[in-house]
Structures are given as C-alpha cells and as structure tokens.
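Coordinate inspection notes
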Amino acid sequence: PGFSDVFMLGGRAPVAGELFRNPRLAKTYRAIADGGRDAFYEGDIAYEIENYVRANGGYLGAEDLAAHRSEWVEPVSTNYRGYDIWELPPNGQGIAALQMLNILEAYDLASAGWGSPEYLHLLIEAKKLAFEDRAYYYADPTFADVPVAGLISKEYAHERRRLIDRSKASRELSYGDPAVLQQGDTVYLTVADQDGNMVSLIQSNYCGMGSGMTPGELGFVLQNRGELFSLEPTHPNVYAPGKRPFHTIIPAFVTRDGEPLMSFGVMGADMQPQGHVQVLVNHIDFG
C-alpha cells in the first residue's frame, strides 16, 4: 500500500528520460533538516511509520524507533601480503572477506594468472569455506558470542585450508570450529578529499527495492533486511525483539604501514565478500 502513489506515474513505472518528482520525500527531508535525528526517530515521522505498519499487520512501533541507538564500532582487520584490510564486524559479513584472504594468502595467485582456472578454483573453494562459517556464526554480537578473533585468525585459516583439494571442487563442507584455536539493492559510494580523509559508505533497502511498504506521506520505502533473520530457535541469528539481523552490506578500507591506501566496496548481496577479495587480489596480486 502506498507504493504506486509515490513511485508510479499514472499506474506505470517511469521511463528513461522522464522527470520523476517525489514531493512527499522532499517534505520528509525538510523535516529532518529542521528537526535533526529526533524528527525521524521520535517525531511525526515515527508515528506515521507506526500507524502504517500496524494497519498492515506488522509490529514496528514508534517506541522501537525511539529506542534505537546507532553505534560506533571497532573495525576488524587482517594483513594480506603486507596490506591491512579493514572490515566491519558482525552483524555484517565483512569478516568473510578477511577469512577468504587468509586462506588464499598461502597460494601463489600471481603465478596462477588472473582469471585462470587455478585461481578461480582456489577463490571459489575459499569462499565455500568462509560462507559455511558465515551461515553458522554471523549474528548480532549483542545477542550472540561471535568468535570473530578466531574466525579471522591465520591459524584458523591454516586449518580450514587443509580442506581444499587443488584438483577438484568440494561437494559438501561444514562450518569450522575456531574455538579450538582460541578461547575466549544496494548503493556503494566512496569519496576522498585533498587532506586524505576517506569515506566508505554503503546503503541498501535490500531485495526488491525494499519491502515495498511505503508509509503515508513520507515518500520512502521501508527496508526488508529482517528477512535475513533465522527462525531456528537455537540459531545465533534467530529473530528477537530489539535485535539486528545478519546483513550483507560491508564498506571497507585498506591501509599500508599504518597509512591510508584506499577506500573500497562493491554491490551485490552475498557476492560482496567475494567481490572484496577479487578487488584486493586484482590490485595486490595481479597489479
């Protein structure tokens, strides 16, 4: 409900070259410009979202928006051939790229050749191993004890690498156990200024341009990343009140010898860790 009123002109999608206007969204932007974050999380916008969601059988309420707090988090890193690669920790999937790089580091990819069957085989097998861990371990760390340090350790990569057969593809793999080693629709944008400050930014409403749910007079679609929760009661990523789902959006940085080198990211949901690894291998291994 509301989607066609905002995004379809006379009941149809805009065509190439046609001017599209969204006065509802302009009104929302003005409210946020005037009232700041409180206009969205605690003002009329929050109540309009609540009224819309509740009228359509959902549970999101103004109190949920008011209780939300964004967080500064510490990025996690691994070193790949002298380059420090920085990713966001779970509840995202950034550490999958770090796991893949740790596994691939032992191989002479440059000699294998860019795009060669040998390189692609190793890349794909490393991704299979990392994604088994991704499916099992990655979740909101406020609700689950995610063994990040173990998962991105070189020792764990060494153990997982033993499962790769260089002559054939694996048919079935399982998640690993890093505890044995250690106790304890998307748009990407990057920009740098003349002083060397870099921003790595990614935003996504998720699949189908979001949920399609278009509240009242606000002019935007609600995202549907809650689709990535698990409904298995014992899974770390199980649906729960106040919990963030596992998600796929992972902006990243690279430093070398403690100095910024580049800001990077890719689009493409589950492909993103693979894409990060390919960008880095292309740059570092293949020049």
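To be clear, the structure that these remarks concern was listed above.
First, a word on what this report is: a plain description of the structure on this page. Everything quoted here is computed from the prediction, not taken from an experiment. (Residues numbered from 1 in each chain as written. Predicted model: local features only at pLDDT ≥ 70, side-chain atom pairs only at ≥ 80, totals over all residues. Heavy atoms only, no water.)

1. Brief notes about the overall build of the protein
Each helix and strand counted, the protein has 11 helices and 6 strands in total. Across its three principal directions, the C-alpha atoms of the protein cover 55 × 45 × 40 Å. Residues classed as buried in the protein amount to 42% of the 287 residues present. Only carbon and sulfur atoms are counted for the fraction: they give 55% of the accessible area of the protein, which is about 15,900 Å². Both charge centroids of the protein, one from 23 positive and one from 37 negative side chains, sit 5 Å from each other. (Helix = DSSP H or I, 4+ residues; strand = E, 2+ residues; numbered from the N terminus. Buried < 20%, exposed > 50% of the residue type's maximum accessible area, 1.4 Å probe, protein only. Areas by Shrake-Rupley, 256 points an atom, 1.4 Å probe, with all protein chains shown as cover. Lys, Arg positive; Asp, Glu negative; His and termini not counted. Charge placed at Lys NZ, Arg CZ, Asp CG, Glu CD.)

2. Things to note about helix 10 (residues 154–161)
Of the positions making up helix 10, those classed as buried are Tyr156, Ala157, Arg160 and Arg161. Angularly, the buried residues of helix 10 cover 135° about the axis, an arc narrow enough to put them on a single face. Where helix 10 is buried, its residues contact helix 6 (94–104), helix 8 (117–137) and helix 9 (148–151). (Arc of directions from axis to C-beta. Contact = heavy atoms within 4.5 Å.)

3. Structural notes on the pairing of strand 4 (residues 198–204)
Pairing analysis gives 7 bridges linking strand 3 (residues 186–192) to strand 4, with the strands arranged antiparallel. Paired with Thr186 across the two strands is Ser204, which belongs to strand 4. Between the end of strand 3 and the start of strand 4, which pair antiparallel, lie 5 residues, with Gly196 showing a positive phi angle near 90°. (Pairing = 2+ DSSP bridges.)

4. Digging into the packing of helix 8 against helix 11 (residues 272–284)
The contact between helix 8 and helix 11 brings their axes to 11 Å, and the two run at 140°. Judged by the inter-axis angle, helix 8 sits oblique to helix 11. Relative to helix 11, helix 8 is oriented so that their crossing is right-handed. Contacts between helix 8 and helix 11 involve Tyr119, Leu123, Lys127 and Phe131 from the former and Pro273, Gln274, Val277, Gln278 and Val281 from the latter. Of the residues assigned to the contact of helix 8 with helix 11, the class counts are 6 nonpolar, 2 polar and 1 charged. (Axes fitted to C-alpha atoms, helices over the stretch in contact; angles between N-to-C directions. Parallel < 35°, antiparallel > 145°, perpendicular 65-115°, else oblique. Left-handed = near helix turned anticlockwise from the far one by under 90°. Nonpolar A, V, L, I, M, F, W, Y, C, P; charged D, E, K, R; others polar.)

5. Quick word on the pattern of salt bridges
Opposite charge on two side chains lets them pair, provided their charged atoms get close. The tally for this structure, following the rule as stated, stands at 14 salt bridges. A salt bridge links Arg244 to Glu71; the nearest nitrogen and oxygen atoms lie 3.5 Å apart. A relative accessible area of 27% places Arg244 in the partly exposed class. For the salt bridge of Lys128 with Glu125, the shortest nitrogen-to-oxygen distance reads 2.8 Å. Placement of the pair is Lys128 and Glu125 together in helix 8, with a separation of 3 residues, close to one helical turn. The class of Glu125 is buried, set by a relative accessible area of 2%. Residues joined in a network through salt bridges with shared partners are Arg37, Asp38 and Glu42. (Salt bridge = Lys/Arg side-chain N within 4 Å of Asp/Glu carboxyl O.)

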